[in-house]
There are 2 protein chains.
Amino acid sequence: MKLHWSPRSPFVRKVMLFAHETGLVDKLECHRTVVAMTKPNAELLPDNPLNKIPTLILDDGSPLYDSVVICQYLDGLHAGPKLFPTEPKAYWTAMQRCSLGDGLLDMLLLWRNERERSHPDPAYLSAYAVKFDASLANLEKEADALAATPFGIGHIAIGCALSYTDFRFPDLAWRPSHPKIAAWLADFVKRPSAKATEARDG
Amino acid sequence: MKLHWSPRSPFVRKVMLFAHETGLVDKLECHRTVVAMTKPNAELLPDNPLNKIPTLILDDGSPLYDSVVICQYLDGLHAGPKLFPTEPKAYWTAMQRCSLGDGLLDMLLLWRNERERSHPDPAYLSAYAVKFDASLANLEKEADALAATPFGIGHIAIGCALSYTDFRFPDLAWRPSHPKIAAWLADFVKRPSAKATEARDG
């Protein structure tokens, strides 16, 4: 399978981290595809008209996205413990956490773009800050439960979102006021799958 | 179950349309919750720190989002034909279509916000136009297959995205060059579930 990939995309990282956790990395032929919100990539548009990565191309040529759908698809291709829980209550908890992590990440990407505009809108900037604070408060409250749950898609989404915060928003000093989720993240980044997929500037 | 709801949110409409299709409308206690990208709603933030609707509150008080997760949850609560296919190939096709419809809708919301800024960025505006054209070209190519597939979550996402285009972007005259998907949408909007959830300005 071909994966439209980039080394610093946090949503691509979700898929790569998932593939490392499930032993599927060798099944993915990573194809470097550069995208930016304001620069549609003409090569990607036929596979994904929304111009987003990751986009997976199955062996029959059909495309699959977004990152959650790709991860869920990959979860059917390995024989290890499933990262999408099969028990209903655990499944909905995991999907809820995945939506929080992905939504936080979406917001951080918009926030970063806003900061880089020639005319950043203060109303957007302050709304992003409010949502970030509310998200961290929520994660701090849920940190014990997160740590007590078998590792899965919810952990991956939240870990990738918080790691992206450290990568692109080092000015947000969120750790002192959120010690539990900070401790959880410290364990997350030590996983071999996290180390293998860490974003680096350059 | 309580649903953070608004009559003109296209993502809320997805959930309501889904509830109409599956006979679950009476199970949802709709609570009007006004959100805007630049105006976080303090009442919603504890349930959803990303400040987005729809957000479902289950009877045990736990929140569930985003719209896809809510729809999939609702699909387990009725005895009729499932709108998330159970056969794997049909499931991935439906999820792929759902991602395209939802991604198109996300993009349209950003595009509308961009148009309303005091300093719209021409690079964003033109990128949105490129992605819109690519999405419509993709949908036109897939229209026959879409029409031939049993109605489900993919159809709902695409139908809500295209209906939102008509509602908020009446200037985009996409029908003449995309007759097949236009014909499909003409059937979609006639469904009782679509009529019952149609967005109206005012």
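Given the structure is predicted, the values throughout are model-derived calculations rather than measurements.

A separate point is the overall build of chain A. The helix and strand tally for chain A stands at seven helices and four strands. Compactness check: chain A gives a C-alpha radius of gyration of 17 Å against a globular reference of 17 Å for 202 residues, within 12% of the reference. Oriented by its inertia axes, the alpha-carbon framework of chain A measures out at about 45 × 45 × 30 Å. Once local pairs closer than 6 in sequence are excluded, the contacts in chain A between residues at least 24 apart make up 67%. For chain A, the computed accessible surface area is about 8800 Å², with 57% contributed by carbon and sulfur atoms.

Each side of the interface is counted separately: chain A has 40 residues, and chain B has 40 residues. At the boundary of chain A with chain B, total buried surface from both sides reaches about 3800 Å², with 61% on carbon and sulfur atoms. Put simply, chain A and chain B have four salt bridges between them. Run the count over chain A and chain B and you get twelve residue pairs in polar contact (both at pLDDT 80 or more).

In this section: the sheet that holds strand β3 (residues 55-57) of chain A. All names here are of chain A. Pairing in this open sheet of four strands is mixed, and the strands run β2-β1-β3-β4 from one edge to the other. On the outer flanks of this sheet lie β2 (29-32) and β4 (63-64), each paired with one strand and no other. One ladder, built from three bridges, connects strand β1 (residues 2-5) with β3; its direction is antiparallel. Within β3, the position partnered with His4 by the bridge is Thr55. Taken strand by strand, helix α1 (residues 10-21) contacts β1 and β2, and its axis lies near 145 degrees from that of β1.

Glancing now at the pairing of β2 of chain A. Residue and element names in this part refer to chain A. Direction of pairing for β1 relative to β2: parallel, over a ladder of four bridges. For Leu3, the partnering residue across the bridge sits in β2 and is Cys30. Following the chain from β1 across α1 to the adjacent parallel β2, one finds a crossover that is right-handed.

Right, let's get into the confidence of the model for chain A. Residues at a pLDDT of 70 or more form 99% of chain A, whose mean pLDDT is 97. What the predictor reports for the complex is a pTM of 0.97 with an ipTM of 0.97.

Our next topic: the relation of the copies chain A and chain B. Mapping chain A onto chain B calls for a screw motion: a turn of 180 degrees about the axis and a shift of 0.0 Å along it, with 0.0 Å RMSD after fitting. In symmetry terms, the pair is related by a two-fold rotation axis. The C-alpha atom lying nearest the rotation axis in chain A is that of His119 of chain A; the distance is 3.3 Å. Interface overlap between copies is the fraction of interface residues in one copy that are interface residues in the other; for chain A against chain B it reaches 100%, indicating a shared surface.

To continue, consider the side chain of Asp75 of chain B. Residues and elements named next belong to chain B. Secondary-structure assignment places Asp75 in helix α2 (residues 67-75). Among the polar contacts made by the side chain of Asp75, one reaches the side chain of His78 at a distance of 2.6 Å. Leave out the neighbours within four places in its chain, and Asp75 touches Phe18, Thr22, Lys82, Leu83 and Phe84.

Below, the discussion takes up the domain arrangement of chain A. All names here are of chain A. Assigned domains of chain A: these are domain 1 (2-75) and domain 2 (88-196). Measuring from the centre of the C-alpha atoms in domain 1 to the corresponding centre in domain 2 gives 21 Å. Counting residues at the interface gives 14 residues for domain 1 and 23 residues for domain 2. Where domain 1 abuts domain 2, roughly 1600 Å² becomes buried across the two surfaces, and 69% of that area is made up of carbon and sulfur atoms. There are two salt bridges connecting domain 1 and domain 2. Between Lys14 and Asp102 there is a salt bridge; the shortest N-O distance is 2.8 Å. Here domain 1 is connected to domain 2 by six residue pairs in polar contact (both at pLDDT 80 or more). For the side of domain 1 that touches domain 2, the secondary structure elements donating two or more residues are α1 and α2 (67-75).

A few words on the sheet that holds strand β4 (residues 63-64) of chain B. The strands that make up a sheet pair up through hydrogen bonds in the backbone, lying either parallel or antiparallel. All names here are of chain B. The mixed open sheet is built from four strands, whose spatial order is β2-β1-β3-β4. Every interior strand has two partners, whereas the edge strands, β2 (29-32) and β4, have only one. Where helix α1 (residues 10-21) meets the sheet, its contacts fall on β1 (2-5) and β2, and the angle it forms with β1 comes to roughly 145 degrees.

It is worth spelling out α1 of chain A at this point. Residues and elements named next belong to chain A. Given a rise of 1.5 Å per residue, twelve residues ought to cover 16 Å, and the 16 Å separating the end C-alpha atoms of α1 matches this to within 8%. Counting buried positions along α1 gives ten out of twelve residues, so the element sits mostly inside the fold. Those residues of α1 that sit buried are Pro10, Phe11, Val12, Arg13, Lys14, Val15, Met16, Leu17, Phe18 and Ala19. Directly beyond the C-terminal end of α1, a positive phi value near 70 degrees is found at Gly23.

Below, the discussion takes up the packing of aromatic side chains. Per the stated rule, a full pass over the model turns up 18 aromatic pairs over all chains. Between Tyr73 of chain A and Trp92 of chain B, the aromatic rings sit 5.3 Å apart at their centres with planes inclined by 85 degrees, giving edge-to-face as the arrangement. Residue Tyr73 of chain A is located in helix α2, and its partner Trp92 of chain B is located in helix α3 (residues 88-115); the two belong to separate chains. The burial state of Tyr73 of chain A is the same as that of Trp92 of chain B; both residues are buried. An aromatic cluster of at least three residues, connected via ring pairs, comprises Trp111, Tyr124, Tyr128, Phe132 and Phe169 of chain A. The positively charged end of Arg117 of chain A is found above the aromatic ring belonging to Tyr124 of chain B, 4.1 Å away from the centroid.

In terms of burial, α2 of chain B is a largely internal element, nine of the nine residues being buried. Residues Ser67, Val68, Val69, Ile70, Cys71, Gln72, Tyr73, Leu74 and Asp75 of chain B constitute the buried set of α2 of chain B.

Conventions used here
- Residues numbered from 1 in each chain as written.
- Chains lettered and ligands numbered in written order.
- Predicted model: local features only at pLDDT ≥ 70, side-chain atom pairs only at ≥ 80, totals over all residues.
- Heavy atoms only, no water.
- Helix = DSSP H or I, 4+ residues; strand = E, 2+ residues; numbered from the N terminus.
- Rg over C-alpha atoms; globule rule 2.2 N^0.38 Å.
- Contact = heavy atoms within 4.5 Å.
- Areas by Shrake-Rupley, 256 points an atom, 1.4 Å probe, with all protein chains shown as cover.
- Buried area = accessible area lost by both parts, 1.4 Å probe.
- Salt bridge = Lys/Arg side-chain N within 4 Å of Asp/Glu carboxyl O.
- Polar contact = N/O pair within 3.5 Å; in protein donor to acceptor, adjacent residues only side chain to side chain.
- Pairing = 2+ DSSP bridges.
- Axes fitted to C-alpha atoms, helices over the stretch in contact; angles between N-to-C directions.
- Right-handed = clockwise from strand over helix to strand, strands pointing away.
- pLDDT = per-residue confidence, 0-100.
- Least-squares fit on C-alpha atoms with pLDDT ≥ 70 in both.
- Domains from an automatic or database assignment.
- Expected span 1.5 Å × (residues − 1).
- Buried < 20%, exposed > 50% of the residue type's maximum accessible area, 1.4 Å probe, protein only.
- Phe/Tyr/Trp six-rings, centres within 6.5 Å; stacked < 30°, edge-to-face > 60°.
- Lys NZ or Arg CZ within 6 Å of the ring centre and 35° of its normal.

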